[in-house]
Amino acid sequence: MTTLGLDAGELSRCVQCGLCLSSCPTFRVTGDESQSPRGRIALMRAVERDGAPLSTPVRRAFETCVQCRACETACPSAVPFGHLIARTREVLADEGLSVSPPVRAGYAALGHPSLVRAAGRALAAGQRLRAVPRSVGLPRLPLRQGPLTPSGSDVHLFTGCVMDAFERDVHRDTMRVLAAAGFGAMPTGDRVPCCGALHAHAGLTRPARRLAQRAVSALGDGRPVLVDSAGCGAMMKEYGQLLGSDAARELAARVFDVSEWLAPRMAQLPEVRPLDLRVAVQDPCHLRHVQRVHQATRAVLAPFVRELVELDDDGLCCGAGGAYAFVERSEARAIRARKLASIARAVPDVVASANPGCAMHLASGGVRSVHPMTLVARALEEHATSRSARR
Amino acid sequence: MASRATRRARPQPAAPDPIVAALVGVLGRDRVRDDAAERSLLAHDASVFSGGAAGPVCFPTSTEEVQAVVRTAVAHGRAVVPRGAGTGLAGGAIPLGRPVVVVTTKMNRILDVDLDDRVAWVEPGVVNLDLTTYLRPLGYHFAPDPSSQQACTIGGNVANNSGGPHCLAYGVTGQHVLALDVVLPDGELVRLGGLDAEPPAYDLRGAFIGGEGTLGIATLIAVRITKNPLRVRTLLLAFDTIEDAATTVGSVIAAGIVPAAMEVMDRRITAAVESFVHAGYPLDAGAVLLVEVDGPEEGTAVDAERVVEIGRANGATTVRVAATEEERALLWKGRKTAFGAVAKIAPSYYLQDTVVPRSALPGVLQSVYEIAERHDLMVVNVFHAGDGNLHPLLLFDSREHGAIERVHAAGREIVEVSLAAGGVLSGEHGIGVEKRDYMPLQFSDVDLDHQNRLRRAFDPACRANPGKVLPSGHSCADIQALERVPAGLWG
Amino acid sequence: MADDALEAFATEVGARGPVAVEGARTRWSTGGELEPGARLLRAPEGIVEHRPEEMTVRVRAGTPVDELHCELAAFGQRTALPRRGGTVGGALAVGEDDVCALGRGRVRDALLQVRYVSAEGAVVTGGGPTVKNVTGYDLCRLFVGSLGTLGLIGEVILRTNPVPPVSRWLRADGTDPFAALDVLFRPSAVLFDGRATWVHLEGHAADVEAERRTLSAVPTAGGGWTECEDGPVLPPHRWSFRPSELRQLDGAVLGAYVASVGVGTVFASHSPPPRPQAPALRALAERVKHAFDPGGRLNPGRHVALLAP
Ligand SMILES: Cc1cc2nc3c(=O)[nH]c(=O)nc-3n(C[C@H](O)[C@H](O)[C@H](O)COP(=O)(O)OP(=O)(O)OC[C@H]3O[C@@H](n4cnc5c(N)ncnc54)[C@H](O)[C@@H]3O)c2cc1C
Ligand code: SF4
Ligand code: SF4
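Residues numbered from 1 in each chain as written. Chains lettered and ligands numbered in written order. Predicted model: local features only at pLDDT ≥ 70, side-chain atom pairs only at ≥ 80, totals over all residues. Heavy atoms only, no water.

Draft legend 1. Representation of the packing of helix α3 (residues 37-50) of chain A against helix α6 (residues 81-94) of chain A within the structure. Residue and element names in this part refer to chain A. Put simply, α3 and α6 touch, their axes get as near as 11 Å, and they point 50° apart. Compared by their axis directions, α3 and α6 come out oblique. For the crossing formed where α3 meets α6, the hand is left-handed. Of the residues in α6, those touching α3 at P37, R40, I41 and M44 are F81, L84, I85 and T88. Class assignment of the residues belonging to the contact of α3 with α6 gives a composition of six nonpolar, one polar and one charged. (Axes fitted to C-alpha atoms, helices over the stretch in contact; angles between N-to-C directions. Helix = DSSP H or I, 4+ residues; strand = E, 2+ residues; numbered from the N terminus. Parallel < 35°, antiparallel > 145°, perpendicular 65-115°, else oblique. Left-handed = near helix turned anticlockwise from the far one by under 90°. Contact = heavy atoms within 4.5 Å. Nonpolar A, V, L, I, M, F, W, Y, C, P; charged D, E, K, R; others polar.)

Printed below as a string of C-alpha cells:
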C-alpha cells in the first residue's frame, strides 16, 4: 500500500467548498470532479487515510494536473496545493508509476547545456528539412545562435536550459531593455544549466534539488537574479522550500521576474513612441498564481504599445505547463482551445507572454505571441532608428 | 455516526454493476465512470453531509442523452441524482442508496442570447459567473449571484432556487427563469414555462424551481437577463456591535429603501477574509455592513446618503465609499470567499441557513452567540442581512471528542430560535438531507402531505433524488436510514 | 396558526360537492365557465397584519385589492397586484400582473405564503412569512394563476414595495415603443395601442427627469412626448405573447388593444383562443390537478390553459 507522506494539516485545510473548480483548467475542459483541485485533494486523502489503491484513474487524476496552481489563488482557505501535488508526483515518480524511462532521460539531459543545445540544433535542422511536424509545437529554431555577452555586473540574468537553446533572442532583448534602464546584466549561461522546474513538476525531486543547489552555489554573490521565464522564476523563488537551507532562502529572496524588477523603475526607461499594436496579455500561471506579480507585465508594457487588452477568461491556464504540452498532449490541446477562443474574442495584433513554454504552446496553436521584453526592446529600437534617421 | 474520516474506500464490487454496460451503450465508455475512487468523490458536495455511495457516474452532453440515461435507470429500477458543480450546502447532490449520478458539467454551452426578449438560453452546466461574463460586453448580466457564483451551475441555481447578495433588490433565481426543458423522472421531456408573458398551464416552472433535483433534471434553461445598472455605489459601514449593524439593516428597509445588497460580517470573519483579500476591511470593528445601491445617478446618490445617515444614527463608527471598481471588487471578493476563509480559524465548519424577519435580526443574532457559547463552540456570522437571511457558521475541530454532537445540538437550537422569531428553515441553501427532518418544525403533516402531492405528480415512482427534502413518513424519504454527518472532517 | 376566519372558511368548503369561490366577478369567466351546480362561497376578508418594516402584509383572500392598496399607501407602500378591481384571492388565482409590471413586479413573485383550503376541506400552508424562503416545495408559485382549481385561497402573505417618490406618464404618437424601451433604464411600463405610446416613469425626481430627457431623443410623429394623467384604458381580455412578438401584432385579430412592451401581455377587446399544450405537459398538469383535487370538485369547469376568454 502506497502512502503519499502528505502533511495531514495541509490536507485537512480543504473544506470542499468548490470555489477553486472554475479556475482549474483540467476541470474546465472535462467537468470531471477527479480532474479538479477539490477532487485531487479528496483522492489524496483517500489514498493517504483510507488506503485507497493508486488505481489508474487515481494516478491519472494526479498526472493530468498542469500544476498551474490557479487553485491556490482561488482558494480562500489557503490550501497549499502546489506543495501537495509536488509531493504526490514525487511519490508516483519514485514508484516508477509515472515518467517513462525515455522521458526521464530527456529530463536528465536538461542539466547538460551542451546536450540541450545539440538537441536544439538537431531540431532546427529537422525543421529545415520538414522532418519535425509543426504540430509538435516548437517555434522555428535558430540554427546558430551568437553567444550572450555580459553587459555589466549589476544583476544576473538567468538564462536557463531550453529557453537558452531555443529562444536566446529573448534574453538578448531583455538585456537591451535592462541596459536602456541602466542595468548591466550577466547572463548566467552554463554556470547555472537549469532551474530544475521541469524535474520538480514531474516529481523528479532529487535532480531538481541537485540543479537548485548548483544555482545556489553559483549565484551566491548577493546580486539580484532576474528571470525572464515565469516558470523558472517561480521555481527559483521556491528554492527555500525545496532545499530548506538558509542559502537557498537568501537566493530566493533576490530572484525577480524581469517585469517585477522593472515596474518600480520605469522612470529609468526612456519615453518613446509606442508600437502601433493592440496587445493581449497572457498571464503565465507561474507568474500570476505562484509569483503573483502578473500586474507588473502590464505596468511595463503599457507605455510601449498602443493598447493593452485583457483576456476574458480570468487568467485560465493555457495548458502549456512546462513539459505538460508534450507529455499530456490531448489535455493540453483541449485546454489551449479555450485560451485560443478567448484570444480570438480579444482580437489582438499580438499576444504577450512572459513564459517561453506558454508562448511555444500558443504558437503551435497558431497564435502569434512574443515576450513582453521583445516588444519593449522593439519599441526602444524603433525609436532609436527613427531618431538617427531624422538626424 | 460514521464520519468521512472513518469511512473506508469501498472495495470494487465483486460483480460489476449491471447497469454500467447499458449506460456505456448510451454514452460510450468515456462518459460513464465506475471506478470506486472516482465514484467516492461524488459522495460529497460542499456540505458537511455524506450519504450512500454514488453508483455509476454519467456525463451526458445533450437532452437526448439525459433522457436515455434516465430511461436506462428506470429500466434497471435505479434512482437518479442530478449534480451540477457540487457546491450545494444542504447535501442535495449527495447520493443515498446507490443511484446513478448524472453530472451536468459537460452540458455547459450558452446557446443563444436574445436582447429583444431579454433572454439567454443555457445548458444546465453553465457556470453562473460565466454567463455574466459572457453578457458583460452586451451591457447585461444574470442577476442571481450566489457567493459561489464562480463555481456553481445555473442548473444547480434553478434546483436550489439560489439567492445571493444582490437578490435583495433583484430577487432569487426563480424570478429570473422563464422556461425550462425538464427530463421527468420517467424519461419524458416537458417544457415548463415559456418566453411569453403568461405561459399556459399551471406555473410548473415555478414549482420545479427549488425542487432540489427531486422533480426531474433541467436540461435547458431560458433565463431572464438584466440590464447593468447605470451607477453602483458600494458602502462599507463599521459598527461596534453586530446588533448595531443589524438594527441599521432593519431601519434602512423600514425607511423604504431597497438597496441592491446589504451584507453583514462579524469581527472574526472580517479578520479571516481580510488576511485573504487585503481589501482594507476595518479589523477593530465589531461588525461591518456592506451596502450596495444601484440604479440611476441621482437615486443612488440619495439612497446612499440616507443609508449613511441611518447608519450613523445607529452607531456607525466608520463609513467608507468604494472609490474605484477595483476597490468595490475587492470588497465583494472578501464577502464572497468568506466561508472558505474560516478554515483559517478552525478546520471544520457547519453552516446554518435560516431566515428571520429583519426586525428580529438583532435578537436572534444574540441568541445565536449564546447558543454557541453554551455548546462551547465558536460561531462567526456572515450573512445576507437585507433579507434577514442568517448564515451562522459553527466552527469546530472534528478531532475533538463530542464536537460533532455539540454542533448538531447547536444547529438545531438555531433553527428553533429562528422559527420562534417568525422565520423559516432555509433562505437559499435548500433542505436536502440537512433539514429534511426539521421540516415538521415549520410545516404540519397536512402541509407536508400537500408538498408530497406535488412531488409525486412529477415523480410517481420516487426515482428522482430520493431521500431529499421531505422527512421520513412521507414518500420517497425512506430510502434508507440516513446518517447525518458533519464532515470537512478529515482532521 | 389557528385563524377562526380560515377555519370557518374551511368548514364551509367542507369535503364534498363541487365548490367555487366568488370574488368581485371582475374576471369571472377566465379559464372557462363554471359548471352549473357548484356551490358559490366567499373567501374571508380583512387585512390581518401589515408589517411595513418587513415589507410584508398578511391579508385574507376576500379583501378587495383597492382596499389593500389604500391601506398600504398610508405607509408609502404597494404590491404587485393589478389595479383593476377585484379581490386579492381573485387576482392571485387569475395571476394577472399589473400593467406596470416592469416597475411594480410580477404577482407570481409577490406571494410569500399561501393558506388555502384543500379539496378535503383542510387548511394547508405553503411558503412562509419571510421575504426569502426556499423551505420545501414552492406551492405559492403553483397557486398563482391556478384559478382555484388546486385549493381555495383563504389568506396570503404578500411582499410589499415602497412607492417611488415621483411618478409620471408620458405619451407620444407615431413613435417606436421598442426604441423607447431600449433607451430607458428601468421604465415601469411602456404601452402601445398601435398608434400611441405611453411610458410610465418612476423614481427619484432627478432620475425621472433624466429618463425623460433620454426619452426625448426618441423621435415622434411631431408633438413630442407630452405628460398625461394616466395610462390608456385597458380592454378587458388578456393575450400573452413573447415580448419580441409584439412587433407584429395584428389589430384585425386582437381588436382594440394595448400591448405591454417588454412584458408581452396584450389587453385586447377580442378574447384569445385556447392555447395548445404539449401532450407531455398536459399529462403532467393533469397529474398535478389530480393530486390536489382528485374528485375535481374545486372550481369545476375552469381550465388553466385558457386565459381570459
Ligand atoms: C462558498 C459557498 C458560497 C455559497 N453561497 C451561496 C449563496 O450566496 N446563495 C445561495 O443560494 N447558495 C450559496 N451556496 C450554495 C450553492 O452554491 C448553491 O446552492 C448552488 O446553486 C448549487 O449549485 P451547484 O451547481 O453546485 O449544484 P449541486 O450542488 O451540484 O446541486 C444542488 C442541487 O441541485 C440539483 N441539481 C443540480 N443540477 C440540476 C439540474 N440540471 N436539474 C435538476 N436538479 C439539479 C442537485 O440534485 C442538488 O439537489 C454557496 C456554496 C458555497 C460552497
Ligand atoms: S494546479 Fe492547476 S491543474 Fe492542478 S488542480 Fe490546481 S488548478 Fe487544476
Ligand atoms: S477552494 Fe480550497 S477549500 Fe475550497 S475546495 Fe478548493 S481547495 Fe478545497
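What follows continues from the structure just given.
Draft legend 2. Quick peek at the packing of α3(A) against helix α4 (residues 56-63) of chain A. All names here are of chain A. Relative to each other, α3 and α4 sit at 135°, their axes nearing to 10 Å. Judged by the angle between their axes, α3 and α4 are oblique. Where α3 crosses over α4, the two elements pack in a sense that is left-handed. Contacts from R40, L43, M44 and V47 of α3 reach α4 at V58, A61 and F62. Of the residues assigned to the contact of α3 with α4, the class counts are six nonpolar, no polar and one charged.

Draft legend 3. Representation of the interface of chain A and chain B within the structure. Contacts between chain A and chain B engage 35 residues on the former and 40 residues on the latter. Here chain A packs against chain B, burying approximately 3000 Å² in sum over the two surfaces, 54% of which is carbon and sulfur. If you sort the residues of chain A by the area they bury against chain B, A:L19, A:D50 and A:P76 come out on top, with a joint share of 20%. Put simply, chain A and chain B have three salt bridges between them. Scanning the region where chain A abuts chain B turns up nine residue pairs in polar contact (both at pLDDT 80 or more). Those elements giving two or more residues to the side of chain A that touches chain B turn out to be α2 (25-30), α3, α4 and α5 (70-74) of chain A. It is α3(A) that provides the largest number of residues to the side of chain A that touches chain B, a total of seven residues. Across the side of chain A that touches chain B, the residue classes tally to 15 nonpolar, 11 polar and nine charged. (Buried area = accessible area lost by both parts, 1.4 Å probe. Salt bridge = Lys/Arg side-chain N within 4 Å of Asp/Glu carboxyl O. Polar contact = N/O pair within 3.5 Å; in protein donor to acceptor, adjacent residues only side chain to side chain.)

Draft legend 4. Structural view of the confidence of the model for chain C. Summarising the model, chain C shows a mean pLDDT of 92, and 98% of its residues fall at 70 or more. In the predicted complex, the global pTM is 0.92; the interface-specific ipTM is 0.94. (pLDDT = per-residue confidence, 0-100.)

Draft legend 5. Region of interest: the sheet that holds strand β13 (residues 226-228) of chain C. Residue and element names in this part refer to chain C. Spatial ordering of the open sheet is given by β13-β10-β12-β11-β15-β16-β14, a layout of seven strands whose pairing is antiparallel. In this open sheet, the two strands that pair with only one neighbour each are β13 and β14 (237-240). Within the sheet, the average angular offset between the axes of one strand and its neighbour, ignoring direction, is 25°. When strand β15 (residues 257-260) meets strand β16 (residues 265-268), the two strands line up antiparallel, connected through three bridges. (Pairing = 2+ DSSP bridges.)

Draft legend 6. Representation of the arrangement of the chains. Contact analysis covers two pairs of chains in contact, and the most contacts occur between chains B and C. There is no contact between chain A and chain C; across them, the least C-alpha separation is 21 Å.

Draft legend 7. Geometry of a nonpolar patch on the surface. Judged by side-chain polarity, A:V103, A:F326 and A:V327 come together as a nonpolar surface patch covering roughly 240 Å² of accessible area. Tracing the backbone shows A:F326 in helix α19 (residues 324-327). (Patch = residues over 30% accessible without salt bridge, like charges linked within 9 Å, V, L, I, M, F, W, Y side chains within 5 Å. Areas by Shrake-Rupley, 256 points an atom, 1.4 Å probe, with all protein chains shown as cover.)

Draft legend 8. Local environment of unusual backbone geometry. The backbone phi angle of B:N161 is positive, close to 45°, even though this residue is not glycine. Looking at the element boundaries, B:N161 is found in the loop between α5 (154-160) and α6 (167-170). Note on B:N161: relative accessible area 8%, which makes it buried. With a phi angle near 55°, C:L147 is a residue other than glycine that sits in the positive phi range. With respect to the element layout, C:L147 can be found in the loop between α6 (139-143) and β8 (152-159). By relative accessible area, which is 8% here, C:L147 ends up buried. (Buried < 20%, exposed > 50% of the residue type's maximum accessible area, 1.4 Å probe, protein only.)

Draft legend 9. Expanded view of the site of ligand 3. All names here are of chain A. In the vicinity of ligand 3, the contacting residues are C14, V15, Q16, C17, G18, C20, R38, I41, C75, P76, S77 and V79. Counting atoms within 2 Å of the grid points, the majority share of ligand 3 lands in the second largest cavity. Split by residue class, the shell around ligand 3 holds eight nonpolar, three polar and one charged. (Near = heavy atom within 4 Å. 1 Å grid on protein atoms, 1.4 Å probe; cavity = no way out; pocket = protein on both sides within 12 Å on 5 of 7 lines; lining within 4 Å. Sits in = over half its atoms within 2 Å of the grid points.)

Draft legend 10. Focus on the sheet that holds strand β7 (residues 123-127) of chain C. Residue and element names in this part refer to chain C. Taken in spatial order, the five strands of this open sheet run β3-β4-β8-β6-β7, and their pairing is antiparallel. Each having just a single partner strand, β3 (47-51) and β7 make up the two edges of the open sheet. Ignoring which end each strand starts from, the neighbouring axes of this sheet average 10° apart. Bridging between β3 and strand β4 (residues 56-60) involves four bridges; their strand directions are antiparallel. Looking at β4, one finds that H50 is bridged to V57. Sheet strands in contact with helix α2 (residues 65-73) are β3, β4 and β8, and its direction is about 35° off that of β3.

Draft legend 11. Region of the structure containing the interface of chain B and chain C. Each partner contributes residues to the interface: chain B has 86 residues there, and chain C has 70 residues. The largest share of the area that chain B buries against chain C comes from B:E198, B:Y202 and B:H450, three residues that together contribute 13% of it. Here chain B and chain C share nine salt bridges between them. Between C:D182 and B:R118 there is a salt bridge; the shortest N-O distance is 4.0 Å. Taken together, the links from chain B to chain C amount to 32 residue pairs in polar contact (both at pLDDT 80 or more). Listing elements by their share of the side of chain B that touches chain C, those giving two or more residues are β9 (189-193), α7 (204-208), α8 (242-254), β14 (287-295), α10 (297-313), α15 (439-442) and α16 (445-458) of chain B. Looking at the side of chain B that touches chain C, the element that brings in the most residues is α16(B), giving nine residues. Residues that form the side of chain B that touches chain C fall into these classes: 38 nonpolar, 26 polar and 22 charged.

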